[in-house]
Amino acid sequence: MAGVAALLAATLPRLLNRRPFSLPLACLLGGLLLYVLPLELPDPDPVAHRRWSSTPPRSAC
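Everything numeric here is computed off the predicted structure, so don't read it as measured data.

**Thoughts on the overall build of the protein chain**
Scanning the protein chain from terminus to terminus reveals two helices and zero strands. Within the protein chain, the proportion of its 61 residues that are buried is 5%.

**With respect to helix α1 (residues 2-15)**
Here α1 is 14 residues long and its end C-alpha atoms lie 20 Å apart, about the 20 Å a rise of 1.5 Å per residue gives. Of all the bends in α1, the greatest reaches close to 30 degrees and is centred on Ala 9; the proline Pro 13 follows between one and four positions later.

**Re the environment of Tyr 35**
You can see Tyr 35 is positioned in helix α2 (residues 23-36). Discounting chain neighbours no more than four positions away, the residues touching Tyr 35 are Leu 41, Pro 42 and Pro 44.

**As for a nonpolar patch on the surface**
A cluster of nonpolar side chains, contributed by Phe 21, Leu 25, Leu 28, Leu 29, Leu 32 and Val 36, occupies part of the molecular surface with about 550 Å² of accessible area. Looking at where Leu 25 falls in the secondary structure, it is placed in helix α2.

**Description of the environment of Leu 23**
By the element assignment, Leu 23 lies in helix α2. Put simply, Leu 23 and Leu 8 are 15 residues apart on the chain and 9.2 Å apart in space, counted from C-alpha to C-alpha. Residues in contact with Leu 23, not counting those within four places in the same chain, are Leu 12 and Pro 13.

Cut-off values and rules
Residues numbered from 1 in each chain as written. Predicted model: local features only at pLDDT ≥ 70, side-chain atom pairs only at ≥ 80, totals over all residues. Heavy atoms only, no water. Helix = DSSP H or I, 4+ residues; strand = E, 2+ residues; numbered from the N terminus. Buried < 20%, exposed > 50% of the residue type's maximum accessible area, 1.4 Å probe, protein only. Expected span 1.5 Å × (residues − 1). Bend = angle between axes of the 7 residues up to and from the residue. Contact = heavy atoms within 4.5 Å. Patch = residues over 30% accessible without salt bridge, like charges linked within 9 Å, V, L, I, M, F, W, Y side chains within 5 Å. Areas by Shrake-Rupley, 256 points an atom, 1.4 Å probe, with all protein chains shown as cover. Salt bridge = Lys/Arg side-chain N within 4 Å of Asp/Glu carboxyl O.

Next comes the structure, spelled out in C-alpha cells:
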C-alpha cells in the first residue's frame, strides 16, 4: 500500500499538470474510494481518536 502511494505521489503531479485536479483532491477521492470498498476498515470517528486533536479535551465540572 505504501509503495502504491509513493508511486502515485511521484507520478500524479506530472499527469495532472494542466488539469484542474490537484494532488490533495486525488488523495481525498482515494480515501473516499477506500472506505466505499467492502473492506473491514475502522469507522473514521474523530471523537473516538481525540488524542490526535489539536484542542485539549474539556474538563468535567
